Amino acid sequence: MQEKMQVYLDNNATCMVSPGVKDAMMPFFGELYGNPSSMHNFGGQVAKHLVIAREKVAAMFNVDPDEIVFTSCGSESNNHAIRGVLESNKEKKHIVTTKVEHPAVLNVYRFLAKNKGYKITELGVNKQGDLNLDELKTVLSPDTALLSVMAANNETGNIFPIKEIAEIAKEKNVVFHTDAVQAAGKIPLDLKKIPVDLLSLSGHKLHTPKGIGALYIRRGTAITPFIIGGHQENGRRGGTENVPYIIGLGKACEEAVAHMNEEAGHVSKLRDKLEAGLRSVITHTYINGNPLSRLPNTTNIGFEFIEGEAILLHLSKAGIAASSGSACTSGSLEPSHVLMAMGVPFTYAHGSVRFSLSRFTTEAEIDYTIKIVPDVIKNLRELSPFYEE
Ligand SMILES: *Cc1c(COP(=O)(O)O)cnc(C)c1O
């Protein structure tokens, strides 16, 4: 009998808090409780740490600290970027994004199209989940106010060529926002070389607790605040700063930079071992995404003839946490919008599972997963009316 392990392979949904991040945060739940805006020493001490945290986040992107605005999450950063840019430029009425964005971008765009009179273009992707940049060039027009394209996809791990996209947007004089929640800390993003105007970041995909994010706003970008209030964040985001979490995000960025190369090697080696280990014994599998251009920690595998949800339940019973490509939270059995946009055949899309690793994933955990998954698939396929050996 295989001894049961607890294996967390759902790091694109959220990550464990790193011990270093937790340690860095703790004093700010205790003695360091001052308001950083206060004139006295209690505030001044905290303000100093806030400055350092902002420098650490900025350093990850090679930008200036005053171009970083702290927010409550990746979703807020996306909402701030999109709605703030449009609010500051009401003349232009066309907005462009992709069909494979996270709901925190896609649903904002669709809300604006439905309720605020914007004309929306949603760029499609090919079978591998890649965009057609020639198509992008033809849809951007003088009336285009904003373009949002994610830096990497949360479901497939596909990396988008945001440098080229940013250059196209610049040439067409269109403000460019990228949701880099999945890419940040996993691949290098030097914004001195990539001319994006706005970039969204979330802490809990980077080993902080949930509830902290940041928005990079290139100096000179016209944007209104999303939360209007006091002078915090240079007047760009009102509200007394979430000090412990901001400190945690600074530490998480510092750790991500320090570990980036080694982590990419570690997780891609384990990810490739997992893929190969499963595909060598399980027939009728398909890798969703572009294996030549994806995040090192992510694989999304379609197992034909069975339901992703059933796979996840059985994996969970065996102690393995993964995630399904299909979002049937609404009760509908629609496969994920990302896989549908890619035209993944239904029989695969329904049986797709995302495994996402982190630098804390061990080889023993991957070996255990390689042992468990084939039996789960085999048992489910035996029950499937569609499957014949
Ligand atoms: C998780 C995620 C978000 C949302 O971030 P929150 O901090 O959970 O609001 C946005 N975009 C992508 C690509 C994500 O993976």
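Residues numbered from 1 in each chain as written. Predicted model: local features only at pLDDT ≥ 70, side-chain atom pairs only at ≥ 80, totals over all residues. Heavy atoms only, no water.

## What about the nonpolar core?
The line we're drawing: Only buried residues count toward a nonpolar core, which is a set of Ala, Val, Leu, Ile, Met, Phe, Trp, Tyr and Cys residues joined through side-chain atoms within 4.5 Å. Buried means the residue's accessible area, taken with a 1.4 Å probe over protein chains only, is under 20% of the maximum for its type, while exposed means over 50%, and partly exposed covers the values in between. Note that the domain bounds reflect an automated or database-derived domain assignment. Here, two residues are considered to be in contact whenever any of their heavy atoms come within 4.5 Å of each other.
If you look at the biggest cluster of nonpolar residues, it comprises 64 residues, and the most contacted ones within it are Phe 61, Leu 147 and Leu 201. Three or more residues apiece are contributed to this core by two domains, here domain 1 (7-16 + 259-383) and domain 2 (19-255). Those residues in contact with Leu 147 that lie beyond four places of it in its chain are Val 96, Tyr 109, Leu 136, Leu 140, Ile 165, Ala 169, Val 174, Val 175, Phe 176 and His 177. Core analysis: the next-biggest nonpolar cluster, separate from the first, contains 28 residues, Val 7, Leu 270, Leu 312 and Val 373 among them.

## Overview of the pairing of strand 10 (residues 298-303)
Heads up, the rule is: By the criteria applied, helices consist of DSSP H or I runs no shorter than four residues and strands consist of E runs no shorter than two, each listed in order from the N terminus. For two strands to be treated as a pair, DSSP must find no fewer than two bridges joining them.
In terms of burial, strand 10 is largely enclosed, as six of its six residues are buried. The alternating pattern of strand 10 places Thr 298, Asn 300 and Gly 302 on one face and Thr 299, Ile 301 and Phe 303 on the opposite face, and all of these are buried. Across three bridges, the pairing between strand 9 (residues 285-287) and strand 10 is antiparallel. In the strand pairing of strand 10, Ile 287 is matched with Ile 301.

## A few points about the sheet that holds strand 9
The strands making up a sheet are joined through hydrogen bonds of the backbone, oriented either antiparallel or parallel. Put simply, the rule reads: A fitted line through C-alpha atoms serves as each axis, taken over the contacting stretch for helices, and the angle formed by two N-to-C directions is quoted from 0 to 180°.
The four strands are arranged 9-10-13-12 in an open sheet whose pairing can be described as antiparallel. Of all the strands in the sheet, just strand 9 and strand 12 (323-324) have a single pairing partner and so form its edges. Contacts from helix 7 (residues 243-279) reach strand 9, strand 10 and strand 13 (352-356) within the one sheet, and its direction differs from that of strand 10 by about 15°.

## Quick word on the side chain of Thr 144
Here is the rule we go by: Identification of polar contacts relies on pairs of N or O atoms within 3.5 Å, with a donor-acceptor requirement for protein atoms, meaning one able to donate a hydrogen and the other able to accept it, and with residues adjacent in sequence counted only if both atoms are side-chain atoms.
Its place among the elements puts Thr 144 in strand 5 (residues 144-148). Its relative accessible area of 0% is what places Thr 144 among the buried residues. Side-chain polar atoms of Thr 144 contact the side chain of His 94, separated by 2.8 Å. Of the polar contacts made by the side chain of Thr 144, one reaches the backbone nitrogen of Ser 141; its length is 2.8 Å. Each residue touching Thr 144, except ones within four places of it in the same chain, is listed here: Lys 92, His 94, Val 96, Val 139 and Val 174.

## Thoughts on the site of the ligand
Note the threshold: Residues are classed as near a molecule or strand on a simple rule: at least one heavy atom within 4 Å of it. The Shrake-Rupley method, run with a 1.4 Å probe, gives the accessible areas here. Residue values count only the displayed protein chains as cover. Residue polarity is assigned by list, with Asp, Glu, Lys and Arg as charged and Ala, Val, Leu, Ile, Met, Phe, Trp, Tyr, Cys and Pro as nonpolar; anything else, Gly included, falls into the polar class.
Close contacts around the ligand come from 13 residues, with Ser 75, Asp 179, Gln 182, Ser 202 and Lys 205 the closest. Protein coverage of the free-state accessible area of the ligand, which is 380 Å², stands at 90%. No other element matches helix 3 (residues 74-87), which puts three residues into the shell around the ligand. Here the shell around the ligand is built from residues that sort into three nonpolar, eight polar and two charged.

## Re helix 2 (residues 41-61)
Threshold: The length a helix should cover is 1.5 Å for every residue beyond the first. In this context, the arc is that of the directions from the helix axis out to the C-beta atoms.
Spanning 21 residues, helix 2 covers 31 Å between terminal C-alpha atoms, matching the ideal 30 Å at 1.5 Å per step. Taken together, the buried positions of helix 2 are occupied by Gly 43, Val 46, Leu 50, Ala 53, Arg 54, Val 57, Ala 58, Met 60 and Phe 61. Looking down the long axis of helix 2, one finds its buried residues gathered within 145° of arc, a one-sided arrangement. Away from its buried face, by an angle of more than 90 degrees, helix 2 presents the exposed residues Asn 41, Lys 48 and Ala 59. Looking at the packing, one finds that the buried side of helix 2 touches strand 2 (68-71), strand 7 (198-202) and helix 7.

## Here's the deal with the domain arrangement of the protein chain
Put simply, the rule reads: Throughout, the accessible surface (probe 1.4 Å) given up by two parts as they are put together, summed over both, is called the buried area. We count a salt bridge whenever a side-chain nitrogen from Lys or Arg sits within 4 Å of a carboxyl oxygen from Asp or Glu.
In terms of domain boundaries, the protein chain breaks down into domain 1 (7-16 + 259-383) and domain 2 (19-255). Computed over C-alpha atoms, the centres of domain 1 and domain 2 are 28 Å apart. Counting residues at the interface gives 30 residues for domain 1 and 31 residues for domain 2. Buried area between domain 1 and domain 2, summed over both chains or domains, comes out near 2700 Å², and the portion from carbon and sulfur atoms is 53%. By the criterion of area lost to domain 2, the three top residues of domain 1 are Met 260, Leu 295 and Met 342, representing 22% of everything that side buries. For Arg 359, the salt bridge is made with Glu 255, and the minimal N-O distance between the two is 2.9 Å. Counting across the interface, domain 1 meets domain 2 through 18 residue pairs in polar contact (both at pLDDT 80 or more). Sorting the residues of the side of domain 1 that touches domain 2 by element identifies helix 7, strand 10 and helix 9 (337-341) as the ones contributing at least two each. Per-element accounting of the side of domain 1 that touches domain 2 gives the leading share, four residues, to helix 9. A per-class count over the side of domain 1 that touches domain 2 returns 13 nonpolar, 14 polar and three charged.

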